[in-house]
Amino acid sequence: MTPTLQVDVLIAGGGPCGLMLAIELGRRNIRCLLVDAKPGTAFNPQANATQARTMEHFRRLGFAHEIRSMGLPPDHPTDIAYLTRFAGTELARLRLPTAAAAPQAIKNMSGSWSAAELPHRVSQKFVEVNLHRHAQAQASVDMRYGWRLQAFKDTGAGIEATVQAVDGGESLNVQAAYMVGADGARSFVRHELGIAWGGATGFKRNFMGGKMLAVYLKAPEFYARNPNDRSWMYVVVNPELRAFIMSVDGVSEFAFHIQMADDAATEALTEADARRLFAQAYGQAIEIEILSMATWMAGHALVAESFQQGRVFLGGDAAHLFTPTGGLGYNTAVEDAVNLSWKLASVLKGLAPPALLDSYHLERHPLAVRNTGYARQFADSIGLFDAAPELEDDSPQGEAARTLASEYLNGHVRREFNIPGVTFGGRYDGSPIIVGDGSSAPPDAANSYTPCATPGGRPPHAWLADGRSLYDSFNFEWTLLALGDAPPNAQAFTQAARDKGLDLKVVSHPGPDLLALYEAPLVLIRPDQIVAWRGHEATHAHAILAQALGLVTG
């Protein structure tokens with residue numbers, strides 16, 4: 001007889017979204033089973049940019065410093081450079097702080113980059129190892145790589161599923177209250193639910209549109225034979241080919257991607273072809289060892305029509321597919337998990353009604369549409385740029401072409417990689433569990449961000465006098481900020497939270513600065529560090545918490 005396992009949440013998929021769900025739910029003592037057909041975490045580098053908001057969530061969970069220590073050596077530059085060849089003529093560069101410099105650099109920044117963390121350039125393969133370790137440390141989480149979801153049924157009262165070891169051996173029946181499909185771009189869960197993609201795909205561009213060849217390789221001479229300043233990412237722009245490469249370990253491992261003109265022929269490429277193409281992109285033949293090769297399709301801006309059907313939810317690549325310009329796919333996946341996890345836990349613990357879960361689609365779907373739209377803009381900006389035929393010529397015409405390319409690419413690199421507005425400016429305006437106050441946030445813009453405490457967005461950040469981030473003072477669950485030298489009595493909130501069984505902490509910060517920043521003396525912060533409400537008195541605390549928990553609708 002096939003054994004049966006009972007859990008609260010079944011997670012299909014062990015990438016960043018699934019692992020973050022396991023960590024967040026495990027921290028809340030929610031019983032989870034995570035299954036993934038892969039034998040373990042990612043071998044290939046995959047995503048390579050952890051944005052600042054994701055790093056702030058890692059900080060909230062206590063391991064941002066661990067992530068920042070991974071990948072490149074601490075003193076390795078994280079610059080992005082555009083060149084005629086990897087070892088050719090430099091056309092543009094964005095200089096960025098090293099991992100060692102980042103923690104102090106962010107303390108000296110303000111305005112658009114008023115934040116607890118800077119971005120970190122690290123391959124997803126390393127991030128997943130860290131997330132896996134923290135997920136596995138949760139007593140309520142059962143992690144099973146090498147197992148796949150075979151079938152599932154939403155009975156209305158729960159989920160009945162079958163999972164099986166990929167070697168064809170042991171099977172297991174699973175009974176769960178809810179299930180999350182975080183099982184990637186070819187999601188079995190989304191397919192079985194019949195949820196269609198919305199958005200657009202198939203964009204053709206000179207670069208970042210159509211079939212790409214990805215090669216994970218070792219090139220021990222890459223830096224020694226390269227006359228240009230060391231970078232994290234090198235982008236080749238010339239009339240012959242378009243490619244980019246990212247350093248994986250800062251020593252010899254790299255992720256090389258090249259745009260192919262013929263989609264069909266790309267699948268037939270051999271290792272010899274990959275070596276030839278790399279030599280063309282580098283500008284000379286150097287020794288490489290190929291660790292893996294694969295093809296992938298650039299040109300997606302797709303979002304699932306629904307992120308929920310009954311007791312089943314979608315997250316990560318199962319819910320949205322990006323062209324990876326801007327590095328937004330993995331980061332959007334992390335925030336999916338952060339948003340959904342506290343809601344699932346609240347419902348499973350009886351603190352909130354199942355209707356709270358409806359807010360997951362209502363909040364995250366518009367953000368996925370927004371973020372895929374920004375990624376498409378960045379892809380158009382670089383992919384539709386034409387490299388002049390004379391770009392590499394040693395002639396006055398070549399010099400003029402390089403000057404024009406430099407001007408354009410120096411603008412582009414800042415449009416794509418200096419994106420505090422994308423990173424921090426995502427909002428849940430119109431959500432039924434946000435208690436609005438009639439104010440409006442500044443307009444959404446990719447390259448600038450105005451800190452704003454209008455309910456529905458990220459809390460404005462500040463560094464405290466003792467050197468801590470304001471966010472470090474927040475409770476893991478609910479926080480009520482009491483700001484200024486004479487804030488209103490918050491007893492009504494503590495009593496309302498006690499009545500509802502909520503873990504709410506009142507955090508006082510005297511002085512005028514934070515009061516001016518938040519424009520109200522009382523501010524309610526959700527577990528996912530989103531402003532749920534702000535105001536000048538606690539009189540309606542019960543009603544405010546009720547709306548924030550989905551007990552009533554706004």
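The structure we're discussing is the one just above.
This text gives an overview of the structure that appears in the document. (Residues numbered from 1 in each chain as written. Predicted model: local features only at pLDDT ≥ 70, side-chain atom pairs only at ≥ 80, totals over all residues. Heavy atoms only, no water.)

**Topic: the overall build of the protein**
For the protein, the count of helices and strands is 15 helices and 24 strands. Against the 2.2 N^0.38 benchmark of 24 Å for 554 residues, the protein shows a C-alpha radius of gyration of 24 Å, consistent with a compact globule. Of all 554 residues assigned to the protein, the portion counted as buried reaches 60%. If you take every contact in the protein between residues at least 6 apart in sequence, the share linking residues at least 24 apart comes to 75%. Averaging the coordinates of the 46 positive side-chain charges in the protein and doing the same for the 57 negative ones gives two points 3 Å apart. (Helix = DSSP H or I, 4+ residues; strand = E, 2+ residues; numbered from the N terminus. Rg over C-alpha atoms; globule rule 2.2 N^0.38 Å. Buried < 20%, exposed > 50% of the residue type's maximum accessible area, 1.4 Å probe, protein only. Contact = heavy atoms within 4.5 Å. Lys, Arg positive; Asp, Glu negative; His and termini not counted. Charge placed at Lys NZ, Arg CZ, Asp CG, Glu CD.)

**Some details on helix α11 (residues 396-417)**
In an α-helix, one full turn covers 3.6 residues, which means residues spaced three or four apart are oriented alike. Here α11 contains 22 residues, and its C-alpha end-to-end distance of 31 Å stays within 8% of the 32 Å for a straight helix at 1.5 Å per residue. Of the residues making up α11, those classed as buried are G398, A401, R402, A405, L409, H412, V413, E416 and F417. Buried residues of α11, viewed axially, fall in a sector of 100 degrees; they line one side. In this structure, α11 carries P396, L404 and E407 as exposed residues pointing more than 90 degrees from its buried face. In this structure, the buried side of α11 is in contact with β4 (80-83), β5 (90-94), β6 (120-121), β13 (233-237) and α10 (358-383). (Expected span 1.5 Å × (residues − 1). Arc of directions from axis to C-beta.)

**Here's the deal with the side chain of R53**
With respect to the helices and strands, the residue R53 is situated in helix α2 (residues 52-61). In this structure R53 touches E335, T423, F424, R458, P459, Y471, D528, Q529 and I530, once residues within four positions along its chain are discounted.

**Remarks on the sheet that holds strand β20 (residues 320-322)**
The three strands lie next to each other as β11-β17-β20, forming an open sheet whose pairing is antiparallel. Two strands close off the open sheet at either side, each with one partner strand: β11 (197-200) and β20. Strand-to-strand twist of the sheet, defined as the mean angle between neighbouring strand axes without regard to direction, takes the value 15 degrees. Note: strand β17 (residues 301-304) against β20, three bridges, orientation antiparallel. Bridge assignment links A301 to a residue of β20, and that residue is F322. This element, α10, spans β11, β17 and β20 of the sheet and lies at about 170 degrees to β17. (Pairing = 2+ DSSP bridges. Axes fitted to C-alpha atoms, helices over the stretch in contact; angles between N-to-C directions.)

**Concerning the side chain of H76**
Within the secondary structure, H76 sits in the loop between α3 (64-68) and β4. Looking at H76, its side chain comes within polar contact range of the side chain of Y223, at 3.1 Å. Other than its neighbours up to four places away in sequence, H76 contacts T98, Y223, R230, S231, W232, S247 and G250. (Polar contact = N/O pair within 3.5 Å; in protein donor to acceptor, adjacent residues only side chain to side chain.)

**Considering the packing of helix α1 (residues 16-27) against helix α5 (residues 124-136)**
The geometry of α1 relative to α5 is characterised by a closest axis approach of 9 Å and an angle of 25 degrees between their N-to-C directions. Between α1 and α5, the angle falls in the class roughly parallel. In the crossing of α1 with α5, the sense of the turn from one axis to the other is left-handed. On α5, the residues that touch P16, L19, M20, A22 and I23 of α1 are Q124, E128, L131, H132, H134 and A135. (Parallel < 35°, antiparallel > 145°, perpendicular 65-115°, else oblique. Left-handed = near helix turned anticlockwise from the far one by under 90°.)

**Quick notes on the environment of R68**
Its place among the elements puts R68 in helix α3. Measuring from C-alpha to C-alpha, the distance between R68 and V35 comes to 27 Å, with 33 residues separating the pair along the chain. Excluding its chain neighbours within four sequence positions, the residues that come into contact with R68 are M55, A99, A102, P103, E117, L118, P119 and H120.

**Section: unusual backbone geometry**
A positive phi is found at E519, a non-glycine position, where the angle reads about 60 degrees. When its relative accessible area of 54% is taken as the criterion, E519 is described as exposed.

On their own, these measurements won't tell you what the molecule is for.
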